[in-house]
Amino acid sequence: MGDAAGIGPELIVKLFQQGLPTPAVVYGDVFSLQRAMEMLRHQHRVSDVSTAFKELKIVACQTPMEALAMPVGVIPVISCGIALDESVVMGEVSAAAGEGSYRFLVTAIEHAMQGDIDAIVTAPLHKVSLKKAGYDFPGHTEILAEKAGVDHVGMMLLNDELRVILVTIHMALAEVPQHITLDNEKMTIRLAAKACDQLGLKQARIAVAGLNPHAGEEGRFGNEDRDIIRPAIEMMQQEGVNVSGPYPGDTVFMRARRGEFDIVVAQYHDQGLIPVKYLGVDTGVNVTVGLPFIRTSVDHGTAFDIAGKGIADPSSLREAFVLAMKMLAGKG
């Protein structure tokens, strides 16, 4: 469910109201979802939508199997050992909400590792609330990797026009160059190939973006592209991976969008995420590659500024759900 003070509960209620193609269980909080539903009922009390929200019921359950037995029109919720209340104010940082978002995710991970659920689709959490609760993680990705016991994962964002995977994720820009290593480059290229394979793209065309302007211009603007990134690409080519680059970061995403490449390996967070999000956060999806289970997510944040107003768009969450189902079908 993500952070209870954000738009996550509202997005989930809207998603269930619209109808899901397959059964799902919410790892979250009954009170928070009920509050979101009541808000939407009040907002749409004179419209046809209100009828749909009235027909929805939120029911606590203990296991995913119990959730499977729930009839249509029920939002089954596993509360994960925490119950929130009115002290969590919409749009405000809260240690209680941070504690909840951590427990919801960790419980879902445990169930995924046990094979009780097939995939995890996450609504946004708030990093400050998470830290206030005593959990010093930069975000979902790092929690997922630690709890799943995986050393290396990749963060991929995609929409209908572009796919991007990151070499470095949540770190200060000043720290990025020291993390541009042969091992990190090769690992991310491998993860890019794996991600495309999961999406049904065999022998995907992988482009690697340079770190520096103009991909360094043979050392004129930094040595990383010439001395680290290019050798890593050549090593992966020798392994049979269809990868090329490094390409200047100011043109490679345009070339990928035009169909020249299937995925771009970006060197740092904003280099890769700005092009994807510029095309629209309503259809973008975040995928964690390298986990022993499938995990997709929205590509936006908790949106505290509109939380509790009933205007949040569930499109990205729906896209994340649909993509998880697609990846499961490919896995099978």
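What you see is a predicted model; the values in this text were computed from it and never measured.

Caption draft 1: The overall build of the protein chain, seen in detail. Each helix and strand in the protein chain was counted, giving 12 helices and 11 strands. In terms of overall dimensions, the protein chain is globule-like: its C-alpha atoms have a radius of gyration of 21 Å, near the 20 Å expected for 332 residues. Scored against the burial criterion, the 332 residues of the protein chain give a buried share of 52%. Element-wise, carbon and sulfur atoms account for 51% of the exposed surface of the protein chain, whose accessible area totals about 14,700 Å². In the protein chain, which carries 29 positive and 40 negative side-chain charges, the distance between the mean positions of the two groups comes to 3 Å.

Caption draft 2: Just the environment of G91, in detail. Relative to the elements of secondary structure, G91 occurs in the loop between β3 (74–78) and α5 (95–113). Overall, the relative accessible area of 24% leaves G91 in the partly exposed class. Each C-alpha atom, one on G91 and one on I306, is 7.4 Å from the other, the two residues being 215 residues apart in sequence. If we ignore the near neighbours within four places in the chain, the residues touching G91 are A5, F304 and A307.

Caption draft 3: How the structure looks around the environment of M156. By the element assignment, M156 lies in strand β5 (residues 154–158). Among the residues examined, M156 registers a relative accessible area of 0% and is labelled buried. Along the backbone, M156 and V264 are 108 residues apart, and their C-alpha atoms lie at a distance of 9.5 Å. Beyond its immediate chain neighbours, meaning those up to four positions away, M156 contacts V164, I165, A195, L199, I263, V285, N286, V287 and V289.

Caption draft 4: How the structure looks around unusual backbone geometry. Following G245, the chain continues into P246 via a peptide bond in cis, with omega recorded as 0°. Mapped onto the secondary structure, P246 falls in strand β8 (residues 243–247). Look at H214: it is not a glycine, yet its phi comes out positive at around 60°. Counting through the fold element by element, H214 comes out in the loop between β7 (206–209) and α9 (224–238). The phi dihedral of A303 is positive, around 50°, even though this residue is not glycine. With respect to the helices, strands and loops of the structure, A303 is situated in the loop between β11 (294–298) and α12 (315–331).

Caption draft 5: Region of the structure containing the sheet that holds β8. Taken in spatial order, the 8 strands line up as β4-β11-β10-β5-β6-β9-β7-β8 in an open sheet, and their pairing is mixed. Of all strands in the sheet, those with a lone pairing partner are β4 (119–122) and β8, marking the two edges. Going across the sheet, the axis of each strand differs from the next one's by a mean of 25°, ignoring polarity. Where β5 meets strand β10 (residues 285–289), 5 bridges bridge the pair, whose relative direction is antiparallel. Residue pairing for β10: G154 is matched across the bridge by V289. Its contacts with the sheet put α9 on β7 and β8, and the angle it makes with β8 is roughly 170°.

Caption draft 6: Region of the structure containing the sheet that holds strand β1 (residues 26–27). Spatially, 3 strands are ordered β1-β3-β2 in an open sheet, and the strand pairing comes out parallel. The open sheet has two edge strands with one neighbour each: β1 and β2 (57–60). Relative to β3, β2 is paired through 4 bridges, and the arrangement is parallel. Each residue of the ladder has a partner; that of V59, found in β3, is P76. Seen against the sheet, helix α1 (residues 8–18) touches β1 and β3 and runs at an angle of roughly 140° to β3.

Caption draft 7: Layout of α9. Relative to the 21 Å expected for 15 residues at 1.5 Å per residue, α9 spans 20 Å between its end C-alpha atoms, a close match to the ideal helical length. At R230, α9 shows its maximal bend, which comes to roughly 25°, and the proline P231 appears one to four places after that position. Restricting attention to buried positions, one finds in α9 the residues E224, D225, I229, A232, I233 and M236. Downstream of α9 by one or two residues, G240 has phi in the positive range, about 95°.

Caption draft 8: Broad picture of the packing of helix α8 (residues 182–198) against α9. Put simply, α8 and α9 touch, their axes get as near as 9 Å, and they point 45° apart. One element, α8, and the other, α9, form an angle in the oblique class. Of the two elements, α8 crosses α9, and the hand of that crossing is right-handed. Two secondary-structure elements touch here, α8 through L182, E185, K186, I189 and R190 and α9 through I228, I229, P231, A232, I233, M235 and M236. Residue composition of the contact of α8 with α9, by class: 9 nonpolar, no polar and 3 charged.

Caption draft 9: Broad picture of a negative patch on the surface. A cluster of acidic side chains, namely D160, D282, D313 and E319, defines a negative patch on the protein surface. Mapped onto the elements of the fold, D282 is located in the loop between α11 (269–278) and β10. Judged by relative accessible area, D282 falls into the partly exposed class, the value being 37%.

Caption draft 10: Looking closely at the packing of aromatic side chains. Taken as a whole, this structure holds 3 aromatic pairs when the rule is applied. The interplanar angle of 25° and the centroid separation of 6.3 Å between the aromatic rings of Y102 and F137 together place this pair among those described as stacked. Pair noted here: Y102 is in helix α5 and F137 is in the loop between α6 (127–132) and α7 (140–148), with a separation of 35 residues, a long-range link. Across this residue pair, the class does not change: Y102 and F137 are buried. Each member of the aromatic cluster is reached from another via a ring pair, and the members are Y102, Y135 and F137. In this arrangement the basic side chain of R255 is found over the ring face of Y247, its NZ or CZ atom lying 4.6 Å from the centre.

Conventions and cut-offs
- Residues numbered from 1 in each chain as written.
- Predicted model: local features only at pLDDT ≥ 70, side-chain atom pairs only at ≥ 80, totals over all residues.
- Heavy atoms only, no water.
- Helix = DSSP H or I, 4+ residues; strand = E, 2+ residues; numbered from the N terminus.
- Rg over C-alpha atoms; globule rule 2.2 N^0.38 Å.
- Buried < 20%, exposed > 50% of the residue type's maximum accessible area, 1.4 Å probe, protein only.
- Areas by Shrake-Rupley, 256 points an atom, 1.4 Å probe, with all protein chains shown as cover.
- Lys, Arg positive; Asp, Glu negative; His and termini not counted.
- Charge placed at Lys NZ, Arg CZ, Asp CG, Glu CD.
- Contact = heavy atoms within 4.5 Å.
- Pairing = 2+ DSSP bridges.
- Axes fitted to C-alpha atoms, helices over the stretch in contact; angles between N-to-C directions.
- Expected span 1.5 Å × (residues − 1).
- Bend = angle between axes of the 7 residues up to and from the residue.
- Parallel < 35°, antiparallel > 145°, perpendicular 65-115°, else oblique.
- Left-handed = near helix turned anticlockwise from the far one by under 90°.
- Nonpolar A, V, L, I, M, F, W, Y, C, P; charged D, E, K, R; others polar.
- Patch = residues over 30% accessible without salt bridge, like charges linked within 9 Å, V, L, I, M, F, W, Y side chains within 5 Å.
- Salt bridge = Lys/Arg side-chain N within 4 Å of Asp/Glu carboxyl O.
- Phe/Tyr/Trp six-rings, centres within 6.5 Å; stacked < 30°, edge-to-face > 60°.
- Lys NZ or Arg CZ within 6 Å of the ring centre and 35° of its normal.

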